[in-house]
Amino acid sequence: MLIVNELTENAAHEDPGHPERPERVGAVAAGIGSLHLGGDVVNVAPYRATRTELVRVHDGTYLDELGAYCYAGGGDLDEDTYATYDSWAIAQFAAGAGLAVVNEMTHRGEGVGFVAVRPPGHHAQRDRAMGFCLLNNVAVSAAALADRGERVLIVDWDVHHGNGTQSMFWNDPRVLYVSTHQWPLFPGTGVAQEVGGLDAVNRTINIPVPPGSTGDTLVRALDEVAAPVIDEFDPTWVLVSAGYDAHRADPMGDLLLTSGDFARLARRVREVVPAPGRLALFLEGGYNLEALRTSVAATLGTLLDAPFDAAPPSSGGAGEDVATRVREQRRVALELARAARTSGEDA
Amino acid sequence: MTTIRTIAVGFDGSPDSEVALVWALDLAGPLGARVVAVHARGLLSRLEGWNSREMESIVARLAHEHGVADGDASVRVEEGDACSVLVRCSQAPVNADVLVVGSRGEGKHPGLLLGSTSLELAQRAEVALVIVPGERDAASV
Ligand SMILES: [Zn+2]
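The present account deals with the structure reproduced in this document. (Residues numbered from 1 in each chain as written. Chains lettered and ligands numbered in written order. Predicted model: local features only at pLDDT ≥ 70, side-chain atom pairs only at ≥ 80, totals over all residues. Heavy atoms only, no water.)

**Overview of the interface of chain B and chain A**
Part 1: On the chain A side, the residues contacting the 22 residues of chain B number 32 residues.
Part 2: For the pairing of chain B and chain A, the buried interface totals around 2,200 Å² over both sides, and the portion due to carbon and sulfur atoms is 59%.
Part 3: By the criterion of area lost to chain A, the three top residues of chain B are B:Leu43, B:Arg46 and B:Leu114, representing 34% of everything that side buries.
Part 4: Put simply, chain B and chain A have 3 salt bridges between them.
Part 5: Its salt-bridge partner being A:Asp254, residue B:Arg46 comes within 2.8 Å of it at the nearest N-O pair.
Part 6: Connecting chain B to chain A are 12 residue pairs in polar contact (both at pLDDT 80 or more).
Part 7: Listing elements by their share of the side of chain B that touches chain A, those giving two or more residues are α2 (45-48), α4 (82-88) and α5 (117-124) of chain B.
Part 8: Here the side of chain B that touches chain A gets 4 residues from one element, more than from any other, and that element is α4(B).
Part 9: Classifying every residue of the side of chain B that touches chain A by side-chain character gives 8 nonpolar, 6 polar and 8 charged. (Contact = heavy atoms within 4.5 Å. Buried area = accessible area lost by both parts, 1.4 Å probe. Salt bridge = Lys/Arg side-chain N within 4 Å of Asp/Glu carboxyl O. Polar contact = N/O pair within 3.5 Å; in protein donor to acceptor, adjacent residues only side chain to side chain. Helix = DSSP H or I, 4+ residues; strand = E, 2+ residues; numbered from the N terminus. Nonpolar A, V, L, I, M, F, W, Y, C, P; charged D, E, K, R; others polar.)

Right under this line is the structure:
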């Protein structure tokens, strides 16, 4: 069963010519439609995330300023990120859509959740908008779950590092953040040596891969680097920052993934979901509409055992040594972090 | 007193950033400091197309015109938003002692921090920050 927010393009959050555009939601809807799920879909009405729900991960002053900025007419927040008069309300509903889907799944105890909202969220920081993102949708839901006592795994396969999400849970042992991303690439963060704060050592796993990497590189690195840590963490919930800009046709990155690779990534994620109704995916990037449509279909088709058409998974690209290099860099960083933690306790 | 060895200046090729660059070069000359023109590559920059060679030649030309030795003025391209990239410049490997930016990106709504690169930098910078007012005839400075 697919549990998905009521899809809306949110045309009032638009900057003509900007790649983060309303049609992206239409592409997602077409991808879901191609699976012919029939009655196996539950549409959940989003609600406006409350201030209490947002301040778990955002500063109250930032929320006030963002609201005021939008009501003053909006404009460019930085060189990449825009807001309109309606963006504040739209962003609150986007964050609330995630909460609504997660709540519905908790209530039902079954299904796969998909939160197809815009603007995306994983670059949004505690106190600033960035990289097309205003509020960090996946983080708002992860924080809500963590406050209910859940151990939350976030897998971020967007081509960009989710710097906002990482920083929000940097020192929070209740959340394990795992990201595969192209490096170097915007936002410039996400090296393997970033392993978490002193209270959450080994709760951040970054797998940076070079331009030209193929799906096999990502899957191998997840298996060899992330899987043992995930096992030990033993998540009770799994959220995915599902960006589709690692697709080879996407203009924002240089990775060579195909729609079939997203099916493969989805299978890996499914293996670590602890129980039915404990997996929700959040749309992040993905700017080539056709790639977005087919990749969403491949992801959800895999998770829901529905037939789908997908290109063969990719292999043989750059970065064949990624898993080994990341493991070694993390080993050194973890030793340093643990030593710093021990000396902190002694002091 | 702080010794100024390295000046990082935000440079995106716009007239205002050129004014900031010239200001930095004029400061660097007498101090014998080096100038690093820092270009932040945001998400959209890869769609817009840009040319680092062009930037290098502008920087080299202005350095020459303002009496700064070739080796003391360089271009650095880094992935990220302008504000974060400049903040990072105060750390290794750039180790800037001063950050210089043009006044472009003043913000659309006065009084609000959001949307103003220079105000946000003022809050986040770990070293001294200079905001250089723009001039219309930047090219003739
Ligand atoms: Zn992305």
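Having put the structure on the table, let's press on.
**Concerning the environment of B:Val100**
Residues and elements named next belong to chain B.
Part 1: Along the chain, Val100 turns up in strand β4 (residues 98-102).
Part 2: Of the residues examined, Val100 reaches a relative accessible area of 0% and is grouped as buried.
Part 3: Expressed as a C-alpha distance, the spacing of Val100 and Arg46, which sit 54 residues apart in the sequence, is 24 Å.
Part 4: When sequence neighbours within four positions are dropped, the list of residues in contact with Val100 reads Ile7, Ala8, Val9, Gly10, Ala20, Trp23, Ala24, Val130 and Val132. (Buried < 20%, exposed > 50% of the residue type's maximum accessible area, 1.4 Å probe, protein only.)

**Comments concerning the pattern of salt bridges**
Part 1: Taken as a whole, this structure holds 27 salt bridges over all chains when the rule is applied.
Part 2: The partner of A:Arg270 in a salt bridge is A:Asp305, and the shortest N-O contact between them spans 3.4 Å. Placement of A:Arg270 in helix α8 (residues 259-271) and of A:Asp305 in the loop between α9 (289-304) and α10 (322-346) is noted, with a sequence separation of 35 residues between them.
Part 3: Taking the relative accessible area as the measure of exposure, A:Arg270 reaches 33% and is therefore partly exposed.
Part 4: Salt-bridge contacts for B:Glu65 lead to B:Arg61; the nearest nitrogen and oxygen are separated by 3.2 Å. Here the residue B:Glu65 and the residue B:Arg61 both occupy positions in helix α3 (residues 52-65), the gap between them amounting to 4 residues, near one helical turn.
Part 5: Owing to a relative accessible area of 45%, B:Glu65 belongs among the partly exposed residues under this scheme.
Part 6: On the accessibility criterion, B:Arg61 (39% relative accessible area) is partly exposed.
Part 7: Linked through salt bridges whose partners overlap, the residues forming this network are A:Arg56, A:Asp147, A:Asp172 and A:Arg174.

**Some points on α10(A)**
Residue and element names in this part refer to chain A.
Part 1: For α10, built from 25 residues, the straight-helix expectation of 36 Å at 1.5 Å per residue is met to within 8% by its first-to-last C-alpha distance of 36 Å.
Part 2: Of all the positions in α10, only Val322, Ala323, Val326, Arg330, Ala333, Leu334 and Ala337 are classed as buried.
Part 3: Buried-residue contacts for α10 involve β8 (204-209) and α7 (215-233). (Expected span 1.5 Å × (residues − 1).)

**Topic: the side chain of A:Thr84**
Part 1: The topology assignment puts A:Thr84 in the loop between β4 (82-83) and α4 (87-108).
Part 2: Excluding its chain neighbours within four sequence positions, the residues that come into contact with A:Thr84 are A:Ala12, A:His13, A:Glu14, A:Cys70, A:Gly73 and A:Gly74.

**Comments concerning the layout of surface pockets**
Part 1: Empty space within the second largest pocket amounts to approximately 380 Å³.
Part 2: If you go around the second largest pocket, you meet 17 residues; those closest to its centre are A:Gln125, A:Asn163, A:Ser167, A:Thr189 and B:Arg124.
Part 3: When residues of the lining of the second largest pocket are traced back to their parent elements, those giving at least two are α6 (163-168) of chain A together with α4 of chain B.
Part 4: When grouped by side-chain class, the residues that make up the lining of the second largest pocket number 4 nonpolar, 6 polar and 7 charged. (1 Å grid on protein atoms, 1.4 Å probe; cavity = no way out; pocket = protein on both sides within 12 Å on 5 of 7 lines; lining within 4 Å. Points joined across faces, edges and corners; volume = space filled by probe spheres on them.)

**A look at the coordination of the zinc ion**
All names here are of chain A.
Part 1: For the zinc ion, every protein donor is listed as Asp158 (OD), Asp158 (OD), His160 (ND1) and Asp245 (OD), and the spread of their distances is 2.0 to 2.7 Å.
Part 2: Geometry at the zinc ion is irregular, judged from the 4 donor atoms that bind it and their angles of 52 to 151° at the metal.
Part 3: Here the donor residues of the zinc ion share one chain and are spaced in sequence as D-x1-H-x84-D. For the pair shown, Asp158 and His160 are each scored as buried. (Donors = N, O, S within 2.8 Å, 3.2 Å for Na, K, Ca; no water. Tetrahedral: all angles 85-135°; square planar, octahedral: opposite > 155°, others 65-115°.)

**Focus on the side chain of A:Asn206**
Residue and element names in this part refer to chain A.
Part 1: Topologically, Asn206 is positioned in strand β8.
Part 2: Of the polar contacts made by the side chain of Asn206, one reaches the side chain of His161; its length is 3.0 Å.
Part 3: Of the polar contacts made by the side chain of Asn206, one reaches the backbone oxygen of Val191; its length is 3.3 Å.
Part 4: The contacts of Asn206, once residues within four sequence positions are left out, are His161, Gln166, Tyr177, Ser179, His181, Gly190, Val191, Ala192, Glu194 and Val326.

**Side note on unusual backbone geometry**
Part 1: The step from A:Arg118 to A:Pro119 runs through a cis peptide bond, and the omega angle for that step is 0°.
Part 2: You can see A:Pro119 is positioned in the loop between β5 (112-115) and α5 (137-147).
Part 3: With an omega dihedral of 5°, the bond running from B:Ala92 to B:Pro93 counts as a cis peptide bond.
Part 4: Among the secondary structure elements, B:Pro93 is positioned in the loop between α4 and β4.
Part 5: The phi torsion at A:His36 lies on the positive side, around 50°, for a residue other than glycine.
Part 6: Its place among the elements puts A:His36 in the loop between α1 (23-33) and β2 (41-44).
Part 7: Among the residues examined, A:His36 registers a relative accessible area of 70% and is labelled exposed.
Part 8: At A:Asn202, a residue that is not glycine, the phi angle is positive and equals roughly 75°.
Part 9: For A:Asn202, the location among the structural elements is in the loop between β7 (175-182) and β8.

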